[in-house]
Amino acid sequence: MPHDTSLIDIVAVGLGLAFVLGAIANRLRLSPLVGYLLAGVLVGPFTPGFVADQEIANQLAEIGVMLLMFGVGLHFSLDDLLEVRRIAVPGAIAQIAVATGLGWGVAALMGWPTLYGLVFGFSLATASTVVLLRAMEERRLLESVRGKIAVGWLIVEDLACVLALVMMPVIAGIFGPEASGEGLSTGRVLARIGWTLLQLGLFVAVMLLVGRRVIPWVLERTAGTGSRELFTLSVLAIALGVAFGAASLFGVSFALGAFFAGMVLNESELSHKAANDSLPLRDAFAVLFFVSVGMLVDPAILVEHPWQVLATTAIILFGKSAAAFVIVRAFGYPKMTA
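Because the structure is a prediction, the values reported are computed rather than measured. (Residues numbered from 1 in each chain as written. Predicted model: local features only at pLDDT ≥ 70, side-chain atom pairs only at ≥ 80, totals over all residues. Heavy atoms only, no water.)

To continue, consider a nonpolar patch on the surface. A cluster of nonpolar residues, Phe 19, Val 20, Ile 24, Leu 28, Leu 30, Val 34 and Leu 38, forms a patch on the protein surface that exposes about 670 Å² of accessible area. Elements represented by at least two residues in the nonpolar patch include exactly α1 (6-27) and α2 (32-43). Summarising the element assignment, Val 20 is placed in helix α1. By relative accessible area, which is 42% here, Val 20 ends up partly exposed. (Patch = residues over 30% accessible without salt bridge, like charges linked within 9 Å, V, L, I, M, F, W, Y side chains within 5 Å. Areas by Shrake-Rupley, 256 points an atom, 1.4 Å probe, with all protein chains shown as cover. Salt bridge = Lys/Arg side-chain N within 4 Å of Asp/Glu carboxyl O. Helix = DSSP H or I, 4+ residues; strand = E, 2+ residues; numbered from the N terminus. Buried < 20%, exposed > 50% of the residue type's maximum accessible area, 1.4 Å probe, protein only.)

Written out as structure tokens, the structure reads:
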């Protein structure tokens with residue numbers, strides 16, 4: 001087989017296996033996502049047989065995340081985001097703190113250093129935006145009150161991730177096992193945090209002041225040409241272009257940049273047409289996202305460290321859920337929403 005077909009390999013084999021296993025999962029009344037993940041396990045490096053290119057799979061998955069978040073933004077206006085800010089911001093921060101603490105506790109029982117435990121706990125604290133959105137879309141809950149709260153909650157977690165990714169090298173340089181002892185001054189640490197917050201603020205300002213005018217205008221002018229191909233191309237160019245620009249110029253994640261692009265485009269009368277035109281490509285790449293996640297799974301871990309896996313699963317399923325339930329109820333929302 002030629003050595004320059006890695007992209008074709010992962011698309012053909014990944015989508016083929018995902019279709020078969022997804023159909024089987026659906027027949028067993030499970031979410032098709034289970035089948036997609038198992039397809040990734042089968043083509044991953046930890047199982048025998050065909051092994052897909054992990055780097056290419058990750059890049060295809062990133063495109064899927066961008067398109068999915070763009071689609072969510074098309075159904076989620078700025079007013080919706082502001083409407084749930086009073087619960088989404090404190091709620092997400094409180095849940096992150098609880099989950100990080102639980103993860104640190106499990107890590108301490110495993111004998112990990114405090115720094116490793118905190119990083120592990122924070123990794124459990126941030127939910128998978130893609131998984132939750134797909135689950136809510138299947139149940140048609142995305143535009144309900146609970147759906148709006150969940151999306152706002154996820155956006156706060158995504159922002160927290162941006163800050164955490166910036167801060168981790170700084171914290172490791174001060175407290176890590178390979179720290180030189182010199183560390184970084186408090187002033188430099190605060191400067192890094194301030195610069196990150198400034199970048200986020202600039203990105204939001206550019207999208208609200210410039211993007212809200214330019215993006216709908218471009219889409220409307222393109223629709224005026226009468227070319228369906230150009231219109232679909234403009235939708236994809238806006239979604240991926242804003243996501244790329246957000247990451248390159250402002251240090252914002254691709255997903256968050258695509259979400260804001262969709263949210264700005266939501267104010268256009270053509271937002272529904274844009275959502276429908278991008279749906280098939282979005283779904284295909286979203287499947288590749290789940291396949292790429294499955295490729296990271298080493299089944300041997302389930303045998304070698306079963307109790308650690310169970311404890312981690314318990315934190316995600318019960319610890320975080322209980323924290324979210326208590327927080328939402330404390331804000332006066334009904335039990336079903338909580």
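What follows is about helix α10 (residues 228-250). For an α-helix the count is 3.6 residues per turn, leaving residues at separations of three or four pointing the same way. Helix length check: α10, at 23 residues, gives a terminal C-alpha distance of 32 Å against a target of 33 Å (1.5 Å per residue), a fit within 8%. Among all positions of α10, only Phe 231, Ser 234, Val 235, Leu 236, Ile 238, Ala 239, Val 242, Ala 243, Gly 245, Ala 246 and Phe 250 are buried. At the C-terminal side of α10, Gly 251 shows a positive phi close to 70°. (Expected span 1.5 Å × (residues − 1).)

So, on to the nonpolar core. Taken as a class, soluble globular proteins show a tendency for nonpolar side chains to be buried jointly. Of all hydrophobic cores here, the largest spans 63 residues; its most connected members are Met 69, Phe 70, Leu 133, Leu 219 and Phe 259. With 11 residues, helix α3 (residues 54-74) is the largest single contributor of residues to this core. By size, the runner-up hydrophobic cluster in this structure holds 10 residues, among which are Ile 87, Ala 92, Ile 327 and Val 328. (Core = buried A, V, L, I, M, F, W, Y, C linked by side-chain atoms within 4.5 Å.)

Our next topic: empty space enclosed by the protein. Evaluated as defined, the whole model comprises 1 cavity of 30 Å³ or more. Put simply, the largest cavity is a space of about 40 Å³. Lining the largest cavity are Leu 78, Met 207, Leu 208, Arg 212, Phe 260, Met 263, Val 264 and Glu 267. Within the residue set of the lining of the largest cavity, elements represented by two or more residues are α9 (186-223) and α11 (254-265). Considered class by class, the residues forming the lining of the largest cavity number 6 nonpolar, no polar and 2 charged. (1 Å grid on protein atoms, 1.4 Å probe; cavity = no way out; pocket = protein on both sides within 12 Å on 5 of 7 lines; lining within 4 Å. Points joined across faces, edges and corners; volume = space filled by probe spheres on them. Nonpolar A, V, L, I, M, F, W, Y, C, P; charged D, E, K, R; others polar.)

With respect to the helices, strands and loops of the structure, Leu 67 is situated in helix α3. Taking C-alpha positions, Leu 67 is 8.5 Å from Asp 283, a pair spaced 216 residues apart along the chain. Leave out the neighbours within four places in its chain, and Leu 67 touches Leu 236, Ala 239, Leu 240, Leu 281, Arg 282 and Phe 285. (Contact = heavy atoms within 4.5 Å.)

When two helices pack together, their arrangement is captured by the angle between the axes and the distance separating the axes. Where helix α6 (residues 114-125) contacts helix α14 (residues 306-330), the axes come no closer than 10 Å and their chain directions differ by 50°. Considering their axes alone, α6 and α14 lie oblique with respect to each other. When you trace α6 past α14, the crossing you get is right-handed. Across the interface between the two elements, Phe 120, Leu 124 and Ala 125 of α6 pack against Thr 312, Ile 315, Ile 316 and Lys 320 of α14. (Axes fitted to C-alpha atoms, helices over the stretch in contact; angles between N-to-C directions. Parallel < 35°, antiparallel > 145°, perpendicular 65-115°, else oblique. Left-handed = near helix turned anticlockwise from the far one by under 90°.)

Next up on the list: the layout of surface pockets. Approximately 1600 Å³ is the volume found for the largest pocket. Looking at the largest pocket, it is lined by 39 residues, and the ones nearest its centre are Ala 127, Ser 128, Leu 132, Ile 316 and Lys 320. Secondary structure elements with two or more residues in the lining of the largest pocket: α6, α7 (129-138), α8 (145-175), α13 (300-304) and α14. With 9 residues, α14 is the single largest residue contributor to the lining of the largest pocket. For the lining of the largest pocket, the residue count by class is 25 nonpolar, 8 polar and 6 charged.

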